[in-house]
Each structure stands twice: as structure tokens, then as C-alpha cells.
Amino acid sequence: MAYFQLTRFKSRGLEPIDLSVDAGECITLGGPSGCGKSLLLRAIADLDPHEGEATIEQCIQSQAPPPKWRRQAGLLSAESHWWADKVYDHLPVSDPELMAALGFSEATNEWEISRLSSGERQRLALIRLLLGKPKLLLLDEPTANLDQASIGRVESLIMAYLKNSRSAALWVSHDPKQRERVGDRGFQIESGILVPEIWI
Amino acid sequence: MDLIQLTPLDLSIAALLVLGLAGISWRMRLGVERRLLIAASRSVIQLTLLGLVLKTLFDQSNPLLIGALALFMLGMAGYEVMARQERKFSGFWGMGIGTLSMFISSFSITLLALNLVVRVEPWYTPQYLIPMLGMLLGNTMSGMAIALDNLTQSAWQQRGAIEARLMLGHTWDQAIGDLRRRALRAGLIPIINAMAAAGVVSLPGMMTGQILAGSPPLEAAKYQIMILLLIAVGTGLGAIAAVSLGAFRLFDKRQRLRLDRLK
């Protein structure tokens, strides 16, 4: 059985999907805005009603307690949201190494969320997600608000995470070059169907 | 001291003043004159009717009739709680949450007070039951409506933050916890303020009524104290029930935030 599997998985706006992903594999998703990429990721995280089944290793989506499932299928939404005032309120543990990898220091923990730039928020949201050690990363435009240097750092951090923890990723990106850089395989969504993307 | 009887002419003086206010509202283009007049007419009609109904009820003291009126008042209160929501729960829950919470806040507290505090014989004596129930319903209603409204509004506005917590594997209970506490605080603050100001800033209605009717002020004060304390308890319990039910209904079995259940 595959590491991560979708069986007749039907989310809004898309035809049912069957997909098998191996451990360590990164699958990219492209397609025009509004074609249902983000909704697919939300459905895999079980945030929206949907049909069909998803499994990560032995864990079956419809049978797992939702919080447990979502800790394994970690979704990074395109826009990050924060519920408390300070950065440390949102991080379960402090990990200086991870913070440093994205250009932050220990002092960042004390920062106020309202004073962060959108790029800082996006990078901290990734840290917040990785601290929970998800087995599957559902990444919705993780580098949309970042400058070139940060994009490189985020990409290599995610690739290292996939390699070290033998996790898998579904990576939504509008940038064809990025898809080719990070993806082991890629799909384009065309009129509700996943079409393999060919890279030369 | 005998009660000075009010004649219809006396009342029409007060009514003329309301008409004057409506005129001012029209001149100043406040746009509330219609609502003001409708509300004023409603209170005149409803209170007159209530007076008539109570007169019959007091004469007959029929438990069935008393029960029917009490249920009607409860239903109206449940409807009012729902009507004051900016975003209502759709279907049965819209009315259900309000009515059930009003039942907890007012019905149970009134029965408890009549049996244990006032000890009326029989407990359904309408001269006690109906006014007390009415006072509890009327005074706990707004606290409950505020709390529930605060919950649904903030869930709507902070959808992203709630879902961000769900995404990280928090339970629905954790994800809505802060909002629930804030909603309850908002619902309880008016009654806390009312208790703090009672007798210093405001002379509560019930005590005023009893004094006008010739009761000794200290007796009137004792009744007022009881009612205020019961209102506080009723508001608290009712708001907790309303907000808990509301928060529960905002999520489905798979702990997804379901704002589509609001309309």
C-alpha cells in the first residue's frame, strides 16, 4: 500500500481522484485560479465536506479522530491566520535551528503578530506547521509573498524535511519553474481533471 | 395609601409626548419614527391585552391556562432571542437554541424560586408565577441574545483563525474556546452593571411598582434583591447554555467549522 493514497476522492469542482504517493515524494499541482486546487487541499485536511477516502500509512481519514488526522495531514493555507498576540503563543515548542533556517532568531518568539510583514507571517506559518511534524504537507502557495532569497530558503527547508522525515507533500504553485524545481511528479488541473505535467 | 387610578386621559398625555418625539425624529431625519410608533403601539396593545388576560387568569386560577400562558411567553422569548441575531442559525436550531436557553434561564429558576424562596401555595399561583416568569424572561433575554450574537459574529469574522487552529490539530473545543469565553463575558456584563448600579443610580422597576402600590420600602427592597439575584443566575446559566449549544452547532461530526449553518 502506498504511503499516501486518495481513493475516489471527490472535492468540490473536481472529478473523483485516485492517487498514490510514496514516502518522501513531492507532488506539485498547477492550474488556473479557482480551479479547485485549494479546495482539494482543504478536503484532504478534512476541513470541507467531501466524498471518497484518504489514507496516510495505516491512518484512514474517515475513521481517525479529526484532530489526529489534521496533525498528520498538515495544511499550510495561502494566507496565514493567527489567534493570539505574540509569536510564542502559536508555537508548541521552541526550535532555534528551525527558526534560524528561515532567518529568525530566538528573539522572534517575543514579536507581536500584528507587526509582522506578510512574508514573515508566511515563513512563521511554515515553522508553526513543521513543528507538529506532519506526515503529509499540503502546501498552498507557500512562497507567494516571499522575496527570491527567502523562496530559496523555504524550498530547501521543505525538501530537507521531506527527505529526513520521509514525509510526502502536495505542493500548489503558480510558478512552472518552481514546480519543476521541487516536484518529483506534477499535475495540472484542467476542467476538473488531474493531468500529468510533463517536464523536459 | 390607595393606588391613584390612571385614566385613559392620563395615558394619552404620555402618548402625546411619544408622538412629539416621533415628530422630532422626522424633522431631524433620524429615520426611527416609524419603528418608534410601531413599538409604542405594540407595547400599548400587548400590555392592555396582558392586563385583560391576567385578570381572567387571576379570577380562575386554572393551572392549564396558566401553563399555556407561560409556554406562550417562553416561545415569544425564544423568538425574540433569535430575531435579535445578526446571523441566525438556520432551521430548527435558530429558534431552538434561544427557547431552550430561555427555558433554563427563566422557567427553571422561576419554579425553583417559587418553591424554595417565596414558597407560594400552590406554586402556580398566577399572581406570583406570571410576573416573576415575565421579569426573568425579559431581563435574561438580552444577555442571552448578546452572548449568542457575539459568538456567531466573531466566529464569522475569525473564521481563518479558527480554521488555522483546526489545521494544526486543535480540537473544535480549543479552536472556539477564546470566542466562547468572550461571548459569555459580553452577555454577563449588563447584568453585572445593573446589580452594581441598583439602588444607587437606578431604582429598579419592580421595587418602584411595589412602592407605588403601597408596600413598605424595605419589603419592596427584599423582593427586588431576590429578583436581581435570580436574574443574574438566570442570565449566567442561560448564556452558558446558549453559547455552548451555539458553539457545538458551529462544528460538524468531523470537527469542521460549518458557517454555512448560519444564514
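Residues numbered from 1 in each chain as written. Chains lettered and ligands numbered in written order. Predicted model: local features only at pLDDT ≥ 70, side-chain atom pairs only at ≥ 80, totals over all residues. Heavy atoms only, no water.

A few words now on the sheet that holds strand S4 (residues 51-56) of chain A. Residue and element names in this part refer to chain A. An order of S2-S1-S4-S5 is seen for the 4 strands of this open sheet, with the pairing classed as antiparallel. Unpaired on one side and paired on the other, strand S2 (17-21) and strand S5 (59-60) mark the two borders of the sheet. Sheet analysis places S4 next to S5, joined by 2 bridges and oriented antiparallel. From the neighbouring strand, Thr-55 faces S5, where its bridge partner is Ile-60. Along the sheet, helix H1 (residues 37-44) makes contact with strand S1 (4-10) and S2, crossing S1 at roughly 115 degrees. (Pairing = 2+ DSSP bridges. Helix = DSSP H or I, 4+ residues; strand = E, 2+ residues; numbered from the N terminus. Contact = heavy atoms within 4.5 Å. Axes fitted to C-alpha atoms, helices over the stretch in contact; angles between N-to-C directions.)

Next up on the list: the sheet that holds strand S9 (residues 185-190) of chain A. All names here are of chain A. Spatial ordering of the open sheet is given by S6-S7-S8-S3-S9-S10, a layout of 6 strands whose pairing is mixed. The two strands at the open ends of the sheet, each matched to only one other strand, are strand S6 (73-76) and strand S10 (193-196). The mean inter-strand angle of the sheet, taken between neighbouring strand axes irrespective of direction, is 20 degrees. Relative to strand S8 (residues 168-172), strand S7 (residues 136-140) runs parallel, the two sharing 5 bridges. Paired with Leu-138 across the two strands is Leu-170, which belongs to S8. This element, H1, spans strand S3 (26-30), S6, S7, S8 and S9 of the sheet and lies at about 150 degrees to S7. Lying on the sheet, helix H4 (residues 118-130) is in contact with S6 and S7; it crosses S6 at an angle near 170 degrees.

What follows concerns the packing of helix H7 (residues 172-197) of chain B against helix H9 (residues 217-249) of chain B. What describes two packed helices is the angle between their axes and the distance between those same axes. Residue and element names in this part refer to chain B. Relative to each other, H7 and H9 sit at 160 degrees, their axes nearing to 10 Å. Compared by their axis directions, H7 and H9 come out roughly antiparallel. Of the two elements, H7 crosses H9, and the hand of that crossing is right-handed. Side by side, H7 and H9 meet where Trp-172, Ile-176, Arg-180, Ala-183, Leu-184, Gly-187, Leu-188, Ile-191 and Met-195 of the first sit next to Leu-228, Leu-229, Ile-231, Ala-232, Thr-235, Gly-236, Ala-239, Ile-240, Val-243, Ala-247 and Phe-248 of the second. Grouping the amino acids of the contact of H7 with H9 by side-chain chemistry returns 16 nonpolar, 3 polar and 1 charged. (Parallel < 35°, antiparallel > 145°, perpendicular 65-115°, else oblique. Left-handed = near helix turned anticlockwise from the far one by under 90°. Nonpolar A, V, L, I, M, F, W, Y, C, P; charged D, E, K, R; others polar.)

Moving on to the layout of surface pockets. Residues and elements named next belong to chain B. In this model, the largest pocket occupies a volume close to 780 Å³. Lining the largest pocket we find 22 residues, and of these Gln-46, Leu-50, Phe-72, Met-73 and Met-76 sit closest to its centre. Where the lining of the largest pocket is concerned, the elements lending two or more residues are helix H2 (33-60), helix H3 (63-83) and helix H5 (126-157). No other element matches the 9 residues that H2 contributes to the lining of the largest pocket. (1 Å grid on protein atoms, 1.4 Å probe; cavity = no way out; pocket = protein on both sides within 12 Å on 5 of 7 lines; lining within 4 Å. Points joined across faces, edges and corners; volume = space filled by probe spheres on them.)

So, on to the pairing of S7(A). Residue and element names in this part refer to chain A. In terms of burial, S7 is a largely internal element, 5 of the 5 residues being buried. In S7, alternate side chains face the same way, and those of Leu-136, Leu-138 and Asp-140 on one face and Leu-137 and Leu-139 on the other are all buried. Bridge analysis of S6 against S7 gives 4 bridges, and the strand direction is parallel. Of the residues in S7, the one forming a bridge with Leu-75 is Leu-138. Handedness of the crossover is the feature at issue here: the chain leaves S7, passes through helix H5 (residues 148-165), returns alongside S8, and the resulting connection is right-handed. (Buried < 20%, exposed > 50% of the residue type's maximum accessible area, 1.4 Å probe, protein only. Right-handed = clockwise from strand over helix to strand, strands pointing away.)

On to the confidence of the model for chain B, then. When pLDDT is averaged along chain B, the result is 92; 99% of the residues meet or exceed 70. Averaged over each element, pLDDT in chain B is lowest for helix H8 (residues 205-212) of chain B (88) and highest for helix H6 (residues 159-167) of chain B (97). (pLDDT = per-residue confidence, 0-100.)

Membership of the largest hydrophobic core comes to 87 residues, with the highest contact counts inside it found for A:Phe4, A:Ile44, A:Leu138, B:Ile176 and B:Leu250. Here this core takes 13 residues from H5(B), the largest share from any one element. Residue contacts for A:Phe4: discarding those within four places in its chain leaves A:Leu19, A:Ser20, A:Val21, A:Ile44, A:Ala54, A:Thr55, A:Ile56, A:Leu136 and A:Leu170. By size, the runner-up hydrophobic cluster in this structure holds 34 residues, among which are A:Leu131, A:Leu139, A:Val154 and B:Leu168. (Core = buried A, V, L, I, M, F, W, Y, C linked by side-chain atoms within 4.5 Å.)

On to the interface of chain B and chain A, then. Facing 17 residues of chain B, the contacting portion of chain A comprises 20 residues. In total, about 1700 Å² of surface goes out of reach between chain B and chain A, with carbon and sulfur atoms giving 56% of it. Inspection of the region where chain B meets chain A yields 3 salt bridges. For the salt bridge of A:Asp46 with B:Arg254, the shortest nitrogen-to-oxygen distance reads 2.8 Å. Where chain B touches chain A, the interface holds 10 residue pairs in polar contact (both at pLDDT 80 or more). (Buried area = accessible area lost by both parts, 1.4 Å probe. Salt bridge = Lys/Arg side-chain N within 4 Å of Asp/Glu carboxyl O. Polar contact = N/O pair within 3.5 Å; in protein donor to acceptor, adjacent residues only side chain to side chain.)

With that settled, the discussion passes to a nonpolar patch on the surface. All names here are of chain B. Side chains of Leu-21, Ile-24, Met-28, Leu-30 and Val-32 sit close together on the surface and give an oily, nonpolar patch of about 470 Å² of accessible area. Looking at where Met-28 falls in the secondary structure, it is placed in the loop between helix H1 (8-27) and H2. For Met-28, a relative accessible area of 54% puts it in the exposed group. (Patch = residues over 30% accessible without salt bridge, like charges linked within 9 Å, V, L, I, M, F, W, Y side chains within 5 Å. Areas by Shrake-Rupley, 256 points an atom, 1.4 Å probe, with all protein chains shown as cover.)

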